[in-house]
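Reading the structure
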Amino acid sequence: MRATHSKKVGTGSNKRPEKLNVHIRNSWRTSLQLIRSIGNMIGYKKGLSEWQCLSEVKMGRGSPIPPMLRRKIVEQYQKGVSQRKIAKSLKLSSSTVHNIIQRLRESGTISVCNGQGQKTILDARDLRALRRHCITYRNATVMEITTWAQEYFQKTLSVNIIHRTIRCCRLKLYRSKKKPYLNMIQKRRRFLWAKAHLKWTVAKWKTVLWSDESKFEVLFGKLGRHVIRTKEDKDNPSCYQRSVQKPASLMVWGCMSVCGMGSLHIWKGTINAERYIQVPEQHMLPSRRLFQGRPCIFQHDNARPHTASITTS
């Protein structure tokens, strides 16, 4: 930040106008020293306390007067100085000085009154009702919540107001996580399985050969849901999310254990019981080499090709 000051000298003086280019640092002490040195060079005599007072004044439009400056106004007023002279000496408007003195006469204090501001449309009771509705219907959109709130509270509410009010209720809109759906029977079976294997030791788990298959979609240039761009790049082809109706896919089967990785098998299309039988015969049995002749337990999930009668037999 550069502070430039020029001093104009009368025609009778031989001095030239001085121009100061000062690099002001963020340090408070350095700033005060620079202010004092500038004041001495331009012939301005002001106390340090007054400099501190004026340095604290960061008044924008509608900002309140600092307490130290308000006390100065009251002190000069009690000494009999006119309001116009007070405003001129402190470089304030006459209306500001008049309002502070009038507030002192009426209320006996010079503290800033709390601004009234715009009153909230929803009170505390309405906020609790809105919070209960949002928790009950977690998957509702902001538009649906706004429609409900307008009918329930009988007030004119916009989407932006409801969005801000949800944040005031200590709630926030998040993208929900994707989890597989489990019914009560599946949850019960998983609980019983975990309870039956609760006392297994680490050595027992090391004898398990884990297996699973997964489907991989093959798409050229597949992009994610989010993209980093400017507002004007919305029609840029590199910012599109490409998608096809029926993407090509591959099914991959693999197995592993604590001793290492087993065989990997890849095939196209869907899998049924007849095709799945070939996988254990060709890939699972050779993968037993990981256990070096020790007995092992083969694990697979309850997919339909795994639980078919032909596969079990």
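Residues numbered from 1 in each chain as written. Predicted model: local features only at pLDDT ≥ 70, side-chain atom pairs only at ≥ 80, totals over all residues. Heavy atoms only, no water.

An unreviewed UniProt entry lists the protein chain under the name Transposase Tc1-like domain-containing protein, with Cyprinus carpio carpio as the source organism.

1. Focus on the environment of W267
Looking at the element boundaries, W267 is found in strand β5 (residues 260-268). Residue classification places W267 among the buried residues on the basis of a relative accessible area of 7%. The spatial distance from the C-alpha of W267 to the C-alpha of M251 is 5.5 Å, given a sequence separation of 16 residues. For W267, the contacting residues outside a window of four places in its chain are L250, M251, W253, R275 and V279. (Helix = DSSP H or I, 4+ residues; strand = E, 2+ residues; numbered from the N terminus. Buried < 20%, exposed > 50% of the residue type's maximum accessible area, 1.4 Å probe, protein only. Contact = heavy atoms within 4.5 Å.)

2. Quick word on the packing of aromatic side chains
Applying the stated criterion to the full structure yields six aromatic pairs. Measuring from ring centre to ring centre gives 5.7 Å for W148 and F153, while their planes differ by 75°; the resulting arrangement is edge-to-face. What makes W148 partly exposed here is its relative accessible area of 22%. Judged by its relative accessible area of 10%, F153 falls in the buried class. Ring geometry for W205 versus W210: centroids 5.9 Å apart, planes at 15°, classification stacked. (Phe/Tyr/Trp six-rings, centres within 6.5 Å; stacked < 30°, edge-to-face > 60°.)

3. Observations concerning the nonpolar core
By size, the foremost hydrophobic cluster in this structure holds 15 residues, and its most contacted members are L130, C134, I145, F153, L157, I162 and I166. Breaking this core down by element, the ones donating at least two residues are α6 (124-136), α7 (142-153) and α8 (159-168). Ranked by residues supplied to this core, first place goes to α7 with four residues. If we ignore the near neighbours within four places in the chain, the residues touching I162 are V142, I145, T146, A149 and L157. (Core = buried A, V, L, I, M, F, W, Y, C linked by side-chain atoms within 4.5 Å.)

4. So, the sheet that holds β5
Judged by pairing direction, the sheet is mixed, and its four strands sit side by side in the order β5-β4-β3-β6 without closing on themselves. A strand with exactly one partner marks an edge of an open sheet, and here the two such strands are β5 and β6 (297-299). The average undirected angle you get between the axes of adjacent strands in this sheet is 20°. Here strand β4 (residues 248-257) runs beside β5; their pairing, made up of seven bridges, is antiparallel. The partner of M251 across the bridge, within β5, is W267. Relative to the sheet, helix α11 (residues 273-284) contacts β3 (208-218), β4, β5 and β6, its axis offset from that of β5 by approximately 145°. (Pairing = 2+ DSSP bridges. Axes fitted to C-alpha atoms, helices over the stretch in contact; angles between N-to-C directions.)

5. Describing a nonpolar patch on the surface
The grouping of W210, M256 and M261 at the surface amounts to a nonpolar patch, some 320 Å² of accessible area in total. On the accessibility criterion, W210 (30% relative accessible area) is partly exposed. (Patch = residues over 30% accessible without salt bridge, like charges linked within 9 Å, V, L, I, M, F, W, Y side chains within 5 Å. Areas by Shrake-Rupley, 256 points an atom, 1.4 Å probe, with all protein chains shown as cover. Salt bridge = Lys/Arg side-chain N within 4 Å of Asp/Glu carboxyl O.)

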